[in-house]
Amino acid sequence: MDKINRAIVGELQKNSRTAFLDMARTVGVSEGTIRNRVGKLVKHGVIKRFTVELGAADRISAIVAVKTDANKSTPQLAKT
């Protein structure tokens, strides 16, 4: 991986939604260069996926229903 690819990956690690044009300005190459290199990085498995990280305000909540045996004590249920 050369200096430009490392810079691209670094920018994507900061914010994977960075526009290619903005990244090109930061890295000092054309938008087409960014587009081609990101495509190759994905194709060759250097970049496996782009992801989203949620902040505390956006946490996902769930309600879980658990069916238990009424004849077992809480410590017994916790072991299973």
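Procedures and definitions
Residues numbered from 1 in each chain as written. Predicted model: local features only at pLDDT ≥ 70, side-chain atom pairs only at ≥ 80, totals over all residues. Heavy atoms only, no water. Helix = DSSP H or I, 4+ residues; strand = E, 2+ residues; numbered from the N terminus. Rg over C-alpha atoms; globule rule 2.2 N^0.38 Å. Buried < 20%, exposed > 50% of the residue type's maximum accessible area, 1.4 Å probe, protein only. Contact = heavy atoms within 4.5 Å. Areas by Shrake-Rupley, 256 points an atom, 1.4 Å probe, with all protein chains shown as cover. Axes fitted to C-alpha atoms, helices over the stretch in contact; angles between N-to-C directions. Parallel < 35°, antiparallel > 145°, perpendicular 65-115°, else oblique. Nonpolar A, V, L, I, M, F, W, Y, C, P; charged D, E, K, R; others polar. Core = buried A, V, L, I, M, F, W, Y, C linked by side-chain atoms within 4.5 Å.

Details of the overall build of the protein
The number of helices and strands found in the protein is four helices and zero strands. When the elements of the protein are put in sequence order from the N terminus, they spell out α-α-α-α. Expected size for 80 residues packed as a compact globule is a radius of gyration near 12 Å; at 23 Å, the protein overshoots this value by more than 25%. Projecting the C-alpha coordinates of the protein onto the three principal axes gives extents of approximately 70 × 30 × 15 Å. For the protein, with 80 residues in total, the buried portion stands at 15%. A separation threshold of at least 6 residues defines the contact pool for the protein, and within that pool the share at least 24 residues apart is 39%. Total accessible area computed for the protein in this model is approximately 6,900 Å², and 51% of it derives from carbon and sulfur atoms.

Observations regarding the side chain of Glu11
Mapped onto the elements, Glu11 comes out in helix H1 (residues 3–14). Judged by relative accessible area, Glu11 falls into the buried class, the value being 15%. Contacts of Glu11, omitting those with residues within four sequence positions, involve Thr18, Met23, Thr26 and Val27.

Re the packing of helix H2 (residues 20–27) against helix H3 (residues 31–43)
Closest axis-to-axis distance for the H2/H3 pair is 8 Å, and the angle between their directions is 105°. Classed by the angle they form, the pair H2 and H3 counts as roughly perpendicular. Along the contact surface, H2 presents Phe20, Leu21, Met23, Ala24 and Val27, while H3 presents Glu31, Ile34, Arg35 and Val38. Among the residues making up the contact of H2 with H3, the classes are represented as seven nonpolar, no polar and two charged.

Some points on the nonpolar core
Formed by Ile8, Val9, Leu12, Met23, Ala24, Ile34, Val38, Leu41 and Ile47, the largest nonpolar core amounts to nine residues. Those elements that provide at least two residues to this core are H1, H2 and H3. The residues contacting Ile47, other than those within four sequence positions of it, are Leu12, Leu41 and Val42.

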